[in-house]
Amino acid sequence: MSGSAHSTGTVLSGAKVVLPTGTVGNGRVIVEGDRIAGSAHEAARTVDLTGHWIVPGFVDTHNHGGGGASFTSGTAEEVLRGVRTHREHGTTTLVASTVTDDLDVLARRAALLAELTQQGEIAGVHFEGPFINACRKGAHKEELLRDPDPAEVRKLIDAAHGAARMVTLATELPGGLDSVRLLAEHGVIAAIGHTDSTYEQTRRAIDAGATVATHLYNAMPGLEHRAPGPIAALLEDERVTVELINDGVHLHPAMLELAFRHAGAHRVALITDAMDAAGFGDGTYHLGPLEVEVKDGVARLVEGGSIAGSTLTLDTAFKRSVTIDELPVESVVQAISANPAKLLGLYDQVGSLEPGKYADLVVLDAGFDLKGVMRRGEWIVSPPS
């Protein structure tokens, strides 16, 4: 069920409201039109949300699809179905991610996603591949991988018509550092991922302008006492935001805690890395050109068995982070809303519950189950009345 806020505004009252300054008990969020307002109209409608939490809408910077629809190959209508699925699970801002494919195919995909960006349906495009290391390819087709030639990186940026937000690449490959510099010059996030980089190589990539660790720990060398590898370099550098997939499959809880403790909540971005099956169910799917089997909610390549993205939605990641991993609610809000919004340069519009920003918010019950989602002042999922 969905609907817009009343023309004279809506006051959401009685909930615990998570603000940038902390949590306010028995708080209020005032909505006027598509924005959060500073004061309420005298005729504003009041919605009593006593016993609930109100948190900012979730921001997902790494997402390949959902609701049975693929961002990597689907039509515009199918992409919108996937976007709608994630909105129903609290993700009010979403960057659509591609996977490795032929450059011309990726360029056409970028053009389609750019149109949806211009329409305000998604927040841009993330190219995950083809500029990644074959020995850490994960769910990417090896025959289509290539070194990060800056001219080819530029081709993809141009194809996105200003909608390119992030490119994941293995910066140790030939052309890697020059490509990082190119991305930084064009205001596109350079993310280190699917990499076999050493600690020293990773530091050089960060100095060149890389600012994100693509799904930290996954598809990169592990921590070793004499060869710390990319993980140590990415965790220790204040310039880097580290993505984490908290679905109980991709990470051991101790590694999640290590990232939050060492990098700090201000440098973590919780992501889904979702594929078509998110919010849809088990079955056979495709992730780009590769066939994927989803069983018991875990996505793996039919050939080889590598984990192939996730079926995670961010409401599940939020609940797991608070109830199982026992992270403070405020830290989870930072990682799932504020930090990714800042990373995308959108924090003046989304990522926190402050007057003047879009009225993007999520209502959770006392057990942190999702009960309501508002985007741009309209209910995507109506809360209990």
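Every value quoted in this text rests on a predicted model; they were computed, and no experiment measured them.

Student: I tried to follow the nonpolar core on my own but got confused; where do I start?
Tutor: Most often, soluble globular proteins have nonpolar side chains that are buried together. Ranked by size, the top nonpolar core spans 76 residues in total, and within it Leu216, Leu244, Phe260, Leu270 and Phe318 carry the most contacts. For this core, the element with the most residues is helix α2 (residues 103-118), which contributes seven residues. Other than its neighbours up to four places away in sequence, Leu244 contacts Leu216, Tyr217, Leu251, Leu256, Ala259, Phe260, Val268, Ala269, Leu270 and Ile271. Ile36, Val47, Leu49 and Val363 belong to the second largest nonpolar core, which has 15 residues in total.

Student: Mind showing me how you'd approach the environment of Leu258 here?
Tutor: With respect to the element layout, Leu258 can be found in helix α7 (residues 253-263). Relative accessible area serves as the criterion here: at 31%, Leu258 is assigned to the partly exposed category. With residues up to four places along the chain from it excluded, the contact list for Leu258 reads Tyr217, Leu223, Leu235 and Ala263.

Student: Just checking my understanding: could you explain the environment of Gln201 for this structure?
Tutor: Position of Gln201 relative to the elements: it lies in helix α5 (residues 199-208). On the basis of relative accessible area, Gln201 is assigned to the partly exposed category, the value being 25%. With 22 residues separating them along the chain, Gln201 and Ser179 place their C-alpha atoms 14 Å apart. Excluding residues that lie within four positions of it along the chain, Gln201 makes contacts with Glu172 and Asp196.

Student: What exactly am I supposed to notice about the packing of aromatic side chains here?
Tutor: Any aromatic ring pair is given by two values, namely how distant the centres are and how the planes are angled relative to each other. In the structure shown here, the tally under the stated rule is three aromatic pairs. Seen in terms of ring centroids, Phe58 and Phe318 are 5.7 Å apart; in terms of plane orientation they differ by 25°. Their pairing is stacked. Note that Phe58 is positioned in strand β7 (residues 58-63) and Phe318 in helix α8 (residues 314-323), a separation of 260 residues in sequence. Phe318 matches Phe58 in its accessibility class, with the two residues each being buried. Chaining the aromatic ring pairs together yields one cluster made of Trp53, Phe58, Phe318 and Phe368. The ring of Tyr347 has Lys342 sitting right over it, with the charged end atom 4.8 Å from the ring centre. The ring centre of Tyr347 lies 3.4 Å from the NZ or CZ of Lys357, which sits over that ring.

Student: Honestly, the environment of Ser13 in this entry has me stumped. Any pointers?
Tutor: Checked against the element boundaries, Ser13 lands in strand β2 (residues 10-19). Sequence separation between Ser13 and His126 is 113 residues; the distance between their C-alpha atoms is 37 Å. Filtering out sequence-adjacent residues up to four positions away, Ser13 remains in contact with Gly27, Arg28, Thr46, Val47, Asp48, Leu49 and Thr50.

Student: Explain the packing of α2 against helix α3 (residues 150-159) to me, please; I cannot follow it from the model alone.
Tutor: In a packed pair of helices, the relevant descriptors are the angle between the two axes and the axis-to-axis distance. With their axes 8 Å apart at the nearest point, α2 and α3 run at an angle of 25° to one another. Taken together, α2 and α3 sit at an angle that is classed as roughly parallel. Judged by the sense of rotation from one axis to the other, the crossing of α2 with α3 is right-handed. Contact residues: α2 offers Leu103, Asp104, Leu106, Ala107, Ala110 and Ala111, while α3 offers Glu152, Lys155, Leu156 and Ala159.

Student: Could you clarify how one ought to interpret the pairing of strand β19 (residues 298-301) in this entry?
Tutor: Where a strand is regular, its side chains alternate between the two sheet faces. Only one face of β19 is covered, namely the face carrying Ala299 and Leu301; the face carrying Val298 and Arg300 is uncovered. Bridging between strand β18 (residues 290-295) and β19 involves four bridges; their strand directions are antiparallel. Residue pairing for β19: Lys295 is matched across the bridge by Val298. In textbook terms, the turn of a hairpin is the stretch between consecutive antiparallel strands, and for β18 and β19 this stretch comprises two residues, one of which, Asp296, has a positive phi near 55°.

Student: So what exactly am I meant to see when it comes to α7 here?
Tutor: Along an α-helix, a turn takes 3.6 residues, which lines up residues three or four apart on a common side. Residues Leu256, Ala259, Phe260 and Ala263 constitute the buried set of α7. Down the axis of α7, the sector holding all buried residues measures 100°, keeping them to one side. Those residues of α7 that are buried lie in contact with α6 (229-236), β15 (241-244), β16 (268-270) and α9 (329-343). Directly after α7, the chain includes Gly264, whose backbone phi takes a positive value near 90°.

Student: Please clarify how the pattern of salt bridges should be interpreted in this entry.
Tutor: Close approach of charged atoms allows side chains with opposite charge to pair. Across all of its chains, the model carries 18 salt bridges by this definition. The residue Asp178 makes a salt bridge to Arg181 at a minimum N-O spacing of 2.9 Å. Of this pair, Asp178 and Arg181 both sit in helix α4 (residues 176-185), three residues apart, which is roughly one turn of that helix. Classification of Asp178 as partly exposed rests on a relative accessible area of 46%. Residue class for Arg181 comes out partly exposed when judged on its relative accessible area of 38%. In this structure, Glu257 engages Arg261 in a salt bridge whose closest nitrogen and oxygen atoms are separated by 2.7 Å. Residue Glu257 and its partner Arg261 are both found in helix α7; the two are separated by four residues, about one turn of the helix. The exposure class assigned to Glu257 is partly exposed, which follows from its relative accessible area of 41%. Looking at Arg261, the relative accessible area reads 64%, which means it is exposed.

Student: Before we go on, may I ask you to explain a negative patch on the surface in this structure?
Tutor: A contiguous patch of negative charge on the surface is contributed by Asp282, Glu291, Glu293 and Asp296. Along the chain, Asp282 turns up in the loop between β16 and β17 (283-287).

Scoring rules and cut-offs
Residue positions within a chain follow its written sequence, with the count starting from 1. Side-chain atom pairs in this predicted model are given and counted only at pLDDT of 80 or more, local residue features only at pLDDT of at least 70, and totals for whole chains, interfaces and linings cover all residues. Neither water nor hydrogens contribute to the side-chain values; these are computed over all heavy atoms in the structure. What we call a nonpolar core is a set of buried Ala, Val, Leu, Ile, Met, Phe, Trp, Tyr and Cys residues that are connected through their side-chain atoms within 4.5 Å. Relative accessibility thresholds used throughout: buried, under 20% of the residue-type maximum; exposed, over 50%; partly exposed, between the two (1.4 Å probe, protein chains only). Runs of H or I in DSSP of at least four residues are treated as helices and runs of E of at least two as strands, each being numbered from the N terminus. Working rule for contacts: check all heavy atoms of both residues, and any pair within 4.5 Å makes them a contact. Centres within 6.5 Å make a pair out of two Phe, Tyr or Trp rings, where for Trp the six-membered ring is used; the pair is then stacked when the planes are under 30 degrees apart, edge-to-face when over 60, and tilted otherwise. Both a distance and an angle decide whether a charge sits over a ring: NZ of Lys or CZ of Arg must be within 6 Å of the ring centre and within 35 degrees of the ring normal. Each axis is a line fitted through C-alpha atoms, taken for helices only over the stretch in contact, and angles between the N-to-C directions span 0 to 180 degrees. The labels follow the angle: roughly parallel below 35 degrees, roughly antiparallel above 145, roughly perpendicular from 65 to 115, and oblique for the rest. By convention, the crossing between two helices is left-handed when the near helix turns anticlockwise from the far helix through less than a right angle, and right-handed when the turn is clockwise. Criterion used throughout: strands pair if DSSP finds at least two bridges between them. Regarding the arc, it is the one traced by the directions from the helix axis to the C-beta atoms. Whenever a carboxyl oxygen of Asp or Glu lies within 4 Å of a side-chain nitrogen of Lys or Arg, that contact is scored as a salt bridge. Patches here: salt-bridge-free residues with over 30% relative accessible area, like charges joined within 9 Å, nonpolar side chains (Val, Leu, Ile, Met, Phe, Trp, Tyr) joined within 5 Å. All accessible-area figures derive from a Shrake-Rupley calculation using a 1.4 Å probe, and residue coverage is judged against the displayed protein chains alone. Charged residues are defined narrowly, with Lys and Arg counted positive, Asp and Glu counted negative, and His plus the chain ends left uncounted. The atom standing in for a charge is NZ when the residue is Lys, CZ when it is Arg, CG when it is Asp and CD when it is Glu.

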